[in-house]
Amino acid sequence: MKAVKIFTYNPKNQKSEFEFYALSKGLNSGKPLDVPCPNCFVISCRNAEELDVYRSLLFGLWQTKSFHQFLIGSVIPYIRIGDFKNFVSEQVSHLKGKEKVFKNDVRKVKTLEQRERHIYEQLLLISELKRIYIARHLKR
């Protein structure tokens, strides 16, 4: 995997097809985002496959709270872009030679996310049905 461009988000910049965002402020720093916000970094990739790998890597790092060690600031914690770039590139270099296994695990994670989304939708339908069953017996 080659290094990607990481820079601070500016709404005036053009959006490329293969980019996603990572939150830079707050306790959720490093969280991958699909939609930009004022306090985020842009991770610009070359193709869709690279985008998936980096998004999955950042999601895993965020889930394991790996970015917490770099947070600074007393009121609103944030991560410096230099620390962010260095840590991401360090993790990418750690993955070298394991790309095939990592991509396989990324595919498995995507499958699990789809199942999780499906189960969540089913839970919403079940709660709506419970509400409807009771509501039809109430006076309006």
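Nothing here was measured: the structure is a model prediction, and the numbers come from that model. Residue indices follow the written sequence of each chain, beginning from 1 at its first position. Two thresholds apply to this predicted model, a pLDDT of at least 70 for residue-level local features and 80 or more for giving and counting side-chain atom pairs, whereas whole-chain, interface and lining totals are computed over all residues. Only hydrogens and water are set aside when side-chain values are computed; all heavy atoms of the structure are taken into account.

A. Expanded view of the environment of Q69. Secondary structure counts use DSSP, requiring at least four H or I residues in a row for a helix and at least two E residues in a row for a strand, with both numbered from the N terminus. Checked against the element boundaries, Q69 lands in the loop between α1 (48–63) and α2 (81–95). For the pair Q69 and I79, spaced ten residues apart in the sequence, the C-alpha separation amounts to 9.2 Å. Think of a polar contact as two N or O atoms within 3.5 Å of one another; within protein, one of them needs to be a possible hydrogen donor and the other a possible acceptor, and neighboring residues in sequence only count if both atoms come from side chains. One polar contact links the side chain of Q69 to the main-chain carbonyl oxygen of S66, over a distance of 3.2 Å.

B. View of the sheet that holds strand β4 (residues 40–44). Two strands form a pair only when DSSP identifies at least two bridges running between them. Strand order in the open sheet formed by four strands is β1-β4-β2-β3, and the pairing between neighbours is antiparallel. Taken across any chain shown, the strands that pair with only one partner, and hence form the sheet edges, are β1 (5–8) and β3 (32–33). Taken strand by strand, α1 contacts β2 (19–23), β3 and β4, and its axis lies near 10 degrees from that of β2. Along the sheet face, α2 touches β1, β2 and β4 and points at about 160 degrees away from the line of β1. Contacts are assigned to residue pairs with any non-hydrogen atoms lying within 4.5 Å of each other. In this description, a line fitted to the C-alpha atoms serves as the axis of each element, helices being fitted only across the stretch in contact, and the angle between N-to-C directions of two axes falls anywhere from 0 to 180 degrees.

C. Seen up close, the pairing of β2. Type-normalised accessible area, obtained with a 1.4 Å probe on protein chains alone, sets the label of each residue: buried when under 20%, exposed when over 50%, and partly exposed for intermediate values. Counting buried positions along β2 yields five of five residues, so the element is predominantly enclosed. With five bridges joining them, β2 and β4 adopt antiparallel strand pairing. What sits directly across from L23, in β4, is C40. In this structure, β2 lies alongside β3, joined through two bridges in antiparallel fashion. Among the inter-strand pairings, A22 is bridged to a residue of β3, identified as P32.

D. Main features of unusual backbone geometry. Even without being a glycine, K65 presents a positive backbone phi close to 60 degrees. Topologically, K65 is positioned in the loop between α1 and α2. According to the relative accessible area criterion, K65 is exposed, its value standing at 55%.

E. Representation of the pattern of salt bridges. Each salt bridge in this description consists of a side-chain nitrogen of Lys or Arg and a carboxyl oxygen of Asp or Glu lying within 4 Å of one another. Per the stated rule, a full pass over the model turns up six salt bridges. A salt bridge links R46 to E50; the shortest N-O distance between them is 3.4 Å. Under the relative-accessibility criterion, R46 is labelled partly exposed at 47%. Its salt-bridge partner being K103, residue E49 comes within 2.5 Å of it at the nearest N-O pair. With E49 in helix α1 and K103 in helix α3 (residues 99–135), this pair connects stretches of sequence that are 54 residues apart.

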